[in-house]
Amino acid sequence: MLTRTFLCPPTFYDVTYSINPFMDPRVKVDRVLAWRQWSRFVDALEGRGLDLVFIEPRDGCPDMVFLGDAGLVLDDRFLCSRFRHRERQPEADHYTRAFGHLGYHVIHPPEPAVLEGLGDITIWGEHAILGYGQRSDRAGFDAFRRFAPFVDVVAEVDLPDPRFYHLATAIAFLDADTIMFYPDAFTPAGRAQLERAVGRAIAVGKRDIFDHQACNCLVLGDTVMMDGCSGGLERDLEECGFRVETYPMSEFKKGGGSLRCLVLPALSGPGQAAARKIAS
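It should be emphasised that the depicted structure is a prediction, and the values quoted were computed from it without experimental measurement.

What counts as what
Residues numbered from 1 in each chain as written. Predicted model: local features only at pLDDT ≥ 70, side-chain atom pairs only at ≥ 80, totals over all residues. Heavy atoms only, no water. Helix = DSSP H or I, 4+ residues; strand = E, 2+ residues; numbered from the N terminus. Buried < 20%, exposed > 50% of the residue type's maximum accessible area, 1.4 Å probe, protein only. Polar contact = N/O pair within 3.5 Å; in protein donor to acceptor, adjacent residues only side chain to side chain. Contact = heavy atoms within 4.5 Å. Expected span 1.5 Å × (residues − 1). Phe/Tyr/Trp six-rings, centres within 6.5 Å; stacked < 30°, edge-to-face > 60°. Lys NZ or Arg CZ within 6 Å of the ring centre and 35° of its normal. Core = buried A, V, L, I, M, F, W, Y, C linked by side-chain atoms within 4.5 Å.

1. Side note on the side chain of S230
Next, step 1: Note on placement: S230 falls in the loop between β13 (223-226) and α6 (231-239).
Next, step 2: For S230, a relative accessible area of 11% puts it in the buried group.
Next, step 3: One polar contact links S230 to D208, side chain to side chain, over a distance of 2.5 Å.
Next, step 4: Excluding anything up to four places from it in sequence, S230 contacts R207 and D208.

2. Quick look at helix α1 (residues 31-47)
Next, step 1: Taking 1.5 Å as the rise per residue, α1 with 17 residues should run 24 Å; its terminal C-alpha atoms sit 24 Å apart, in good agreement.
Next, step 2: On its buried face, α1 sits against β1 (4-7), β2 (51-54), β12 (218-220), β13 and α7 (250-253).
Next, step 3: Its side-chain oxygen at 3.2 Å from the backbone nitrogen of V32, D30 defines the N-terminal cap of α1.
Next, step 4: Immediately beyond the C-terminal end of α1, within one or two residues, lies G49, with a positive phi of roughly 85°.

3. Points about the packing of aromatic side chains
Centre-to-centre distance and the angle between the planes together describe a pair of aromatic rings.
Next, step 1: Inspection of every chain in the model, using the stated rule, returns 14 aromatic pairs.
Next, step 2: For the pair F66 and F252, a centre-to-centre distance of 6.3 Å together with 80° between the ring planes defines the contact as edge-to-face. Here F66 is found in the loop between β2 and β3 (71-74), whereas its partner F252 is found in helix α7, with 186 residues between them in sequence. Residues F66 and F252 agree in their burial class; the two are buried.
Next, step 3: Through a chain of ring-to-ring contacts, the aromatic side chains of F6, F78, F99 and Y104 assemble into a single cluster.
Next, step 4: The positively charged end of R77 is found above the aromatic ring belonging to F147, 4.4 Å away from the centroid.
Next, step 5: If you follow R138 out to its NZ or CZ, it ends over the ring of Y132, 4.2 Å from the centre.

4. Considering the nonpolar core
Next, step 1: The biggest cluster of nonpolar side chains holds 35 residues, and the ones touching the most others in it are L72, I121 and F144.
Next, step 2: Breaking this core down by element, the ones donating at least two residues are β3, β4 (77-80), α2 (91-101), β6 (121-124), β7 (127-132) and α3 (138-147).
Next, step 3: Ranked by the residues each element gives to this core, the list is headed by α2, at 4 residues.
Next, step 4: Excluding anything up to four places from it in sequence, I121 contacts L72, L115, A128, I129, L130, F141, F144 and L167.
Next, step 5: A185, I202, C215 and M226 belong to the second-largest nonpolar core, a separate cluster that totals 34 residues.

What follows is the structure, encoded as structure tokens:
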């Protein structure tokens, strides 16, 4: 089964403002290298047979390349994000038009709810983990629950550290019963929730999380695609049946993101999860 996956080219990508601790407009993005890194990643996705759909970028919205934050796609519906920071809020109008043009019924969270798409919702099939405290809020998650009522929220955790401004920077599903996460990104209560929610939890160390944004990865079958990986983490993953492929993302890390942020995979509807091969 092909998985429909949306991306936005880095035509206007740059770091022109700072809305997370990793963004510094004084640190210039090498836009040629950014295109090269993005294109290599896209080539790999195409090589695996994914159904890729490209959203046209908009000048003045440099973070649109991080399309995973745009919202959620399910069947013929698109739940559009409402961003917390004013710098990203203009993106929503563009997503509304773009997905509407593609034939999707566009839904918006009720004001003043904040929801930043798959940035704060980590999904595998019909199971989800939600993260709040920096960007998305509980009212935004209520909109998600109405949008996808079949999804079982197995944990809802606080993100107290601004370095982990989105849940996707701190955790990833590897399969239905396995997560990879950075324990110190969560409160003790949050860590306990996560460990109860799944059968297997792989802890990531400081080097992998801060040098490589290891949890901001993409899982396709038994392959974990990430910016980079220490030998220790690679061995841990291999012991659990996964193999690592690296796709350097130096330029996108300047904006606070990595591979996971660049893609918006359509969600699996009820009963479809077993047929899907992409982790969200």
